Amino acid sequence: MNKTENVIQQITQSGLLPLYYNESKDLSINILKALYQSGIRVLEYTNRGENALENFKALKIIAQQQMPDLLLGIGTIKTAEQAKKFIALGADFIVSPIVSSEVAKVVSDHNLAWIPGCLTPTEIHQAQELGAKLVKIFPGNLVGSSYIQTIKDIFPDLLFMPTGGVEPERQNLKSWFGAGVSAVGMGSKLIKSNLIEENNSEAFSDYISKMMLLIQSCKNS
């Protein structure tokens, strides 16, 4: 199994791709450790601030030293140059909010998984033509789970993951998985960074573990 297949398998098996960014390197590291402690083995750090590159570098060093089975990707990648910088630091996969042929080529050249953000059927088709196997429906709250049901049959070979508008509660999660998504992406509604700031990583990890069980329950029901 190559790295692309491994990343997609890990995401779809867990049914969850957590994503976050924090300006603080220390908090970013503590969140990473708490997520790993809870059982997370694939996650996305987002390129949403001026410290993203340095923070990601630190996270990758920690992951290599202490978390050999963790797949650490980078999100909010919009240009080929951004992709190259984070791949050079060891990003295991690339997530984009858009469909970019330039980003797709860089990622493909490095034999990594590329997860582009799509909304319309045209964008989904373009992403598939550029080699995407898993696409992010973003922002998910704009279209809702019924949209997945409508378009899924048009793209039988693609996997779908909504991000944005996914709520950490049973009814919402059941609606997404019932519509046929393979996983959900969750950021601030899942990553309760205030618990880490309060040095309560145990409560944070416990919450994430419970959410993982809930997602598995909704995914398999």
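Residues numbered from 1 in each chain as written. Predicted model: local features only at pLDDT ≥ 70, side-chain atom pairs only at ≥ 80, totals over all residues. Heavy atoms only, no water.

K.L.:
Tell me about the overall build of the protein, and name the residues and values.
P.N.:
A tally of regular secondary structure across the protein gives 11 helices and nine strands. Taken over the C-alpha trace, the protein has a radius of gyration of 16 Å; the compact-globule value for 221 residues is 17 Å, and the two agree within 12%. Each of the 221 residues in the protein was classed as buried or not, and the buried ones make up 50%. In the form shown here, the protein has an accessible surface area of approximately 10,100 Å², with 46% of it arising from carbon and sulfur atoms. Charge-centre separation for the protein: the mean point of 20 positive side chains lies 2 Å from the mean point of 21 negative side chains. (Helix = DSSP H or I, 4+ residues; strand = E, 2+ residues; numbered from the N terminus. Rg over C-alpha atoms; globule rule 2.2 N^0.38 Å. Buried < 20%, exposed > 50% of the residue type's maximum accessible area, 1.4 Å probe, protein only. Areas by Shrake-Rupley, 256 points an atom, 1.4 Å probe, with all protein chains shown as cover. Lys, Arg positive; Asp, Glu negative; His and termini not counted. Charge placed at Lys NZ, Arg CZ, Asp CG, Glu CD.)

K.L.:
Got a sec to walk through the packing of aromatic side chains? Specific residues and values, please.
P.N.:
Remark: the centre distance and the inter-plane angle together describe each pair of aromatic rings, the angle taken between the planes. On inspection of all chains with the given rule, the structure shows three aromatic pairs. Between Tyr 20 and Tyr 45 the ring centres are 5.1 Å apart and the planes differ by 85 degrees, which places this aromatic pair in the edge-to-face class. Of the two residues, Tyr 20 sits in strand E1 (residues 16-20) while Tyr 45 sits in strand E2 (residues 42-46), which places them 25 residues apart along the sequence. Pair check on accessibility: Tyr 20 and Tyr 45 agree, each one buried. Relative to Tyr 45, the ring of Tyr 21 lies with its centre 5.5 Å away and its plane at 55 degrees, an arrangement referred to as tilted. You can see Tyr 21 sitting in the loop between E1 and helix H2 (25-38) and its partner Tyr 45 sitting in strand E2, a full 24 residues away along the chain. Across the pair, exposure class does not vary: Tyr 21 and Tyr 45 are buried alike. A cation sits over an aromatic face here: Lys 136 above Phe 138, 5.0 Å from the ring centre. (Phe/Tyr/Trp six-rings, centres within 6.5 Å; stacked < 30°, edge-to-face > 60°. Lys NZ or Arg CZ within 6 Å of the ring centre and 35° of its normal.)

K.L.:
I'd like a description of the environment of Ile 87, backed by residues and values.
P.N.:
Note on placement: Ile 87 falls in helix H4 (residues 80-88). When near neighbours in sequence (up to four residues on either side) are disregarded, Ile 87 contacts Ile 94, Val 106, Val 107, His 110 and Leu 112. (Contact = heavy atoms within 4.5 Å.)

K.L.:
Outline the nonpolar core, listing residues and values.
P.N.:
Within the largest apolar cluster, 66 residues are counted, with the highest numbers of intra-cluster contacts made by Tyr 20, Leu 35, Ile 94, Ile 124, Phe 160, Val 184 and Phe 204. Sequence-distant contacts of Val 184, defined by excluding residues within four places in its chain, comprise Gly 15, Leu 16, Leu 17, Met 161, Pro 162, Val 166, Leu 173, Trp 176, Phe 177 and Ile 215. In this structure, Leu 17, Leu 71, Val 95 and Leu 134 belong to the second largest nonpolar core, which totals 12 residues. (Core = buried A, V, L, I, M, F, W, Y, C linked by side-chain atoms within 4.5 Å.)

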